[in-house]
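Chain by chain, the residues:
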Amino acid sequence: IKMLAYFTLIVSIICICWTRSESAVDFVQVAPQDMKSLSFGLSICIMEGSVSYFKGVTGYLTPMDCAVLSYFTEGAAMTWKDQDKESRNSDGIIYAETGSFKGLSSHVIAHAAEHYGVPALIYAHDIFDGGTGISLTTGNKSIWDSDVAGFESAFQNESTVAPTRLEEFYTNVKRNRLQRTILPIAGPSAETLRIHDNDYLDLVFLDGDHTYQGTLKDLIAVWPKLKPGAWLLGHDCLPIPVADSVQESLQDVNGVRRAVLDFAESRGLQPMLISDTHYMYAFEKPRNI
């Protein structure tokens, strides 16, 4: 009886995991050639190996990724220009992103907005971890045990102090004189996205937490912040393997894709998957919401 119960449990888990990977909604494949005005965007980033460069900022977007971001920025710019001067936001198009890293996507959006002749306000949400920052020990002694002189010595010692990820990000912003355009927002994105008013954002790009729960939290948090008719883009929506094992499913493999499909199904949305990018996806927020 115990063996039968165990077998039944395993079969149930397999069925649940298979169901989770097979949503009732699927992506519509969109080819870049179906989009217009990609030539400008393709010229923005230079790629060497797996790393892209633009205005001294490095990141992991492909040239086609940058072109797609530029394409949707153009759409937001045209919408902004079509509005009456009295009703449109004086800050220009309002863009938010997660997973900003060193600022490549933020700079691409700023550059595209300038190219299309509109101002922009860019909110870059990231936990900004991963930088080396200040070493907490000098030899075997913690600097937190120091007096004022000890603190000053630790902070001034070049071997102790190195740029944090936030410092790296903002150094890029200052070097390109975009302090009034790009605003870093440090913290968990599912929480920091809540600072925005509802129906406020013209364009969103999600590239932060890639787990199922993390992606779903970001989608749920940012969705009411988007204006009706605005677009939400995302990155790294990797394919779900044909034969996921139970263990792989429990480890949250392909979290982005499963979260996107589940979110789309819950909202009655049709997500797009853009080919020749690094698995970028897109939703348009319905105008009747």
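Scroll up a little and you will see the structure.
From a predicted model like this one, the values you see are computed outputs, not experimental measurements.

**As for the state of the cysteines**
Throughout this description, disulfide means a covalent bond between two cysteine sulfur atoms.
Now for step 1: In the structure shown here, the tally under the stated rule is 1 disulfide.
Now for step 2: A sulfur-sulfur separation of 2.4 Å characterises the disulfide bridge that pairs Cys 45 with Cys 66. Between Cys 45 and Cys 66, the S-S torsion sits near -75°, and that sign places the bridge as left-handed. Placement of Cys 45 in the loop between helix H2 (39–42) and strand S2 (46–48) and of Cys 66 in helix H3 (residues 63–82) is noted, with a sequence separation of 21 residues between them.
Now for step 3: Residue class for Cys 45 comes out buried when judged on its relative accessible area of 6%.

**Here's the deal with the side chain of Asp 207**
Now for step 1: Along the chain, Asp 207 falls in the loop between strand S10 (201–206) and helix H8 (212–222).
Now for step 2: No salt bridge is formed by the buried Asp 207; its nearest oppositely charged neighbour, Arg 165, is found at 11 Å.
Now for step 3: Side-chain polar atoms of Asp 207 contact the side chain of His 235, separated by 3.4 Å.

**Details of the pattern of salt bridges**
A side chain of one charge can pair with a side chain of the opposite charge if their charged atoms are brought near each other.
Now for step 1: Applying the stated criterion to the full structure yields 5 salt bridges.
Now for step 2: Across the salt bridge formed by Lys 285 and Asp 199, the nearest N and O atoms sit 3.7 Å from each other. Of this pair, Lys 285 sits in the segment after strand S13 (280–284) while Asp 199 sits in the loop between helix H7 (189–192) and S10, and the two are 86 residues apart along the sequence.
Now for step 3: Between Lys 227 and Asp 202 there is a salt bridge, and its shortest N-O distance comes to 2.9 Å. With Lys 227 in strand S11 (residues 226–234) and Asp 202 in strand S10, this residue pair connects regions lying 25 residues apart in the sequence.

**Topic: the packing of H3 against helix H4 (residues 104–115)**
Now for step 1: Contact pair H3 / H4: the axes reach a minimum separation of 9 Å and the direction vectors enclose 45°. Judged on the interaxial angle alone, H4 and H3 are oblique. Taken as a pair, H3 and H4 cross one another with a handedness that is right-handed. Residue-level contacts link Cys 66, Leu 69, Ser 70 and Thr 73 of H3 to Ser 105, Val 108, Ile 109, Ala 112 and Ala 113 of H4.
Now for step 2: Residue composition of the contact of H3 with H4, by class: 6 nonpolar, 3 polar and no charged.

Rules behind the numbers
- Residues numbered from 1 in each chain as written.
- Predicted model: local features only at pLDDT ≥ 70, side-chain atom pairs only at ≥ 80, totals over all residues.
- Heavy atoms only, no water.
- Disulfide = S-S within 2.5 Å.
- Helix = DSSP H or I, 4+ residues; strand = E, 2+ residues; numbered from the N terminus.
- Buried < 20%, exposed > 50% of the residue type's maximum accessible area, 1.4 Å probe, protein only.
- Lys, Arg positive; Asp, Glu negative; His and termini not counted.
- Salt bridge = Lys/Arg side-chain N within 4 Å of Asp/Glu carboxyl O.
- Polar contact = N/O pair within 3.5 Å; in protein donor to acceptor, adjacent residues only side chain to side chain.
- Axes fitted to C-alpha atoms, helices over the stretch in contact; angles between N-to-C directions.
- Parallel < 35°, antiparallel > 145°, perpendicular 65-115°, else oblique.
- Left-handed = near helix turned anticlockwise from the far one by under 90°.
- Contact = heavy atoms within 4.5 Å.
- Nonpolar A, V, L, I, M, F, W, Y, C, P; charged D, E, K, R; others polar.

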